[in-house]
Amino acid sequence: MGQSSSLPSARTWSRGVRGWLAGASDAVVSVFFPAGCRICDKLLVRSSRVPICEECLDSFPAPAEKKCEVCGQALGWLTPREGEQLVCRACQQKTYAFERARSYGIYDGPLVKAILLLKWERMDPLGAWFADRLAEVILHEGDSFAADVVVPVPLHRDRERQRGYNQAGLVSKPLARKLGLPHKSVLLMRTRPRPDKQVLSLEERWASVRGAFATRPGSQVDRKRVLLVDDVLTTGATLDACARALLNSGAKSVLGLTVARAARNPLPTPDSGNL
Ligand SMILES: [Zn+2]
Ligand SMILES: [Zn+2]
């Protein structure tokens, strides 16, 4: 009987240790069980706050060299004549309200996985890493990307409340800091939510964002050159709708900058038929 009466205290002790381990789990796990790359699962050997290995970070597909000078769409099949500007069909027709758009990479392969991590797991260090890459894109573009203020493409307030954050803001905020520009996350708002449907056709994409953004009353955008930041550019419809709202409120110009862009911009506008 004496032996059995000592058991509960041993159990209590072990439960206590287990409880302490659970409480300290973050620290313990990071010391004793190194994490794998969130894209390829390979063990991470260097210490970094970005949980993606160097190989995966280096493997993000870069946009084409030959691209539309306005919207940045790949134009691999076009050969410009001497001194001719490379401008895609949509931009020849002046489709977009933004002045220019550029992206860090092509939305494909490992970059899709990385953007999903940013979007669904609030991965701030990855947002900062993308911000550094976008700062390099701006440096490369030179004076044509000079801006006065950085603005993230907003989510509808219900969506942001649900998710707890805006993934575009995870990139635009550190980018603004790096550029030494003010970051205005509440300047623009989405007044109409995105339709619930998972996949939108091109027409639905343009229709879903047309008139869906507005500047907040009292926002100061007059004569400002706005750098608009988003995670992905698919058709350009979202950047276009945001740019229209900003220009209507007196912004001087709007530049679009996204982490990734769709490999092929399907069709520039719903009006352009099956081009
Ligand atoms: Zn990896
Ligand atoms: Zn273009």
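Definitions and limits used
Along each chain, residues carry numbers from 1 onward, in the same order as the chain's sequence is written. Naming scheme: in the order in which they are written, chains are lettered from A and ligands are numbered from 1. Given that the model is predicted, a residue must reach a pLDDT of at least 70 before its local features are reported, and side-chain atom pairs must reach 80 or more before they are shown or counted; all residues, however, enter totals for whole chains, interfaces and linings. Water and hydrogen atoms play no part in the side-chain values, which are based on all heavy atoms of the structure. Counting from the N terminus, the helices are the DSSP runs of H or I reaching at least four residues and the strands are the DSSP runs of E reaching at least two. Working definition: with a 1.4 Å probe on protein chains only, accessible area under 20% of the residue-type maximum means buried, over 50% means exposed, and in between means partly exposed. Only heavy atoms matter for contacts: two residues are in contact if any of them lie within 4.5 Å across the pair. Method for areas: the Shrake-Rupley scheme with a 1.4 Å probe, in which residue coverage is limited to the protein chains shown. Water is not part of the atom set, so a site may look incomplete; the donors themselves are N, O and S atoms within 2.8 Å of the metal, or 3.2 Å for Na, K and Ca. Only four donors with every angle between 85 and 135 degrees are called tetrahedral; only four or six donors with opposite donors over 155 degrees apart and all others between 65 and 115 are called square planar or octahedral, in that order; all others are irregular. On a scale of 0 to 100, pLDDT captures the predictor's confidence in every residue. At least two DSSP bridges between two strands are required for those strands to pair. Only the stretch in contact is used when a helix axis is fitted, and all axes are lines through C-alpha atoms; the angle between N-to-C directions ranges over 0 to 180 degrees.

### Thoughts on the overall build of the protein
Then, number 1: When its secondary structure is counted, the protein shows ten helices and six strands.
Then, number 2: Put simply, the protein has 275 residues, and 43% of those count as buried.
Then, number 3: Here the contacts in the protein between residues at least 6 apart in sequence split such that 72% fall between residues at least 24 apart.
Then, number 4: For the protein, the exposed surface amounts to about 15600 Å²; the carbon and sulfur share of it is 52%.

### Regarding the coordination of the zinc ion (ligand 2)
For a metal with four tetrahedral donors the ideal donor-metal-donor angle is 109.5 degrees, whereas six octahedral donors ideally subtend 90 or 180 degrees.
Then, number 1: Binding of the zinc ion (ligand 2) to the protein goes through Cys-68 (SG), Cys-71 (SG), Cys-88 (SG) and Cys-91 (SG), at separations of 2.2 to 2.4 Å.
Then, number 2: Of note is the zinc ion (ligand 2), whose four donor atoms meet at the metal with angles of 105 to 116 degrees in an arrangement that counts as tetrahedral.
Then, number 3: Look at where the donors of the zinc ion (ligand 2) fall in the sequence and you get C-x2-C-x16-C-x2-C.
Then, number 4: Owing to a relative accessible area of 9%, Cys-91 belongs among the buried residues under this scheme.

### Looking at the side chain of His-156
Then, number 1: By the element assignment, His-156 lies in the loop between β2 (149–152) and α7 (157–163).
Then, number 2: According to the relative accessible area criterion, His-156 is buried, its value standing at 7%.

### So, the confidence of the model for the protein
Then, number 1: Predicted confidence across the protein gives a mean pLDDT of 84, with 80% of residues reaching 70 or more.
Then, number 2: Within the model, pLDDT remains below 50 along residues 1–8, and this stretch shows zero contacts once partners closer than five positions in the same chain are excluded.
Then, number 3: Below a pLDDT of 50 lies the segment residues 25–32, which in the model reaches three contacts outside its immediate sequence neighbourhood of four places, other chains included.

### What to know about the sheet that holds strand β5 (residues 225–233)
Then, number 1: Taken in spatial order, the four strands line up as β1-β6-β5-β2 in an open sheet, and their pairing is parallel. Since the sheet does not close on itself, it has two edges, and those belong to β1 (100–107) and β2, each with one partner. The mean inter-strand angle of the sheet, taken between neighbouring strand axes irrespective of direction, is 20 degrees.
Then, number 2: Relative to strand β6 (residues 253–262), β5 runs parallel, the two being bridged by eight bridges. Bridge pairing links Arg-225 to Ser-253 in β6.

### Focus on the coordination of the zinc ion (ligand 1)
Then, number 1: Taken together, Cys-37 (SG), Cys-40 (SG), Cys-53 (SG) and Cys-56 (SG) make up the full set of protein donors to the zinc ion (ligand 1), lying 2.3 Å away.
Then, number 2: One way to put it: the four donor atoms around the zinc ion (ligand 1) meet at angles of 105 to 115 degrees, and that makes the site tetrahedral.
Then, number 3: Here Cys-53 falls in the buried class, since its relative accessible area comes to 4%.

### So, the environment of Leu-179
Then, number 1: Within the element layout of this structure, Leu-179 appears in helix α8 (residues 167–179).
Then, number 2: A sequence separation of 31 residues divides Leu-179 from Asp-148, and the C-alpha atoms of the two residues are 9.9 Å apart.
Then, number 3: Once you skip the residues sitting within four places of it in the chain, Leu-179 turns out to touch Ile-138, Val-150 and Leu-227.

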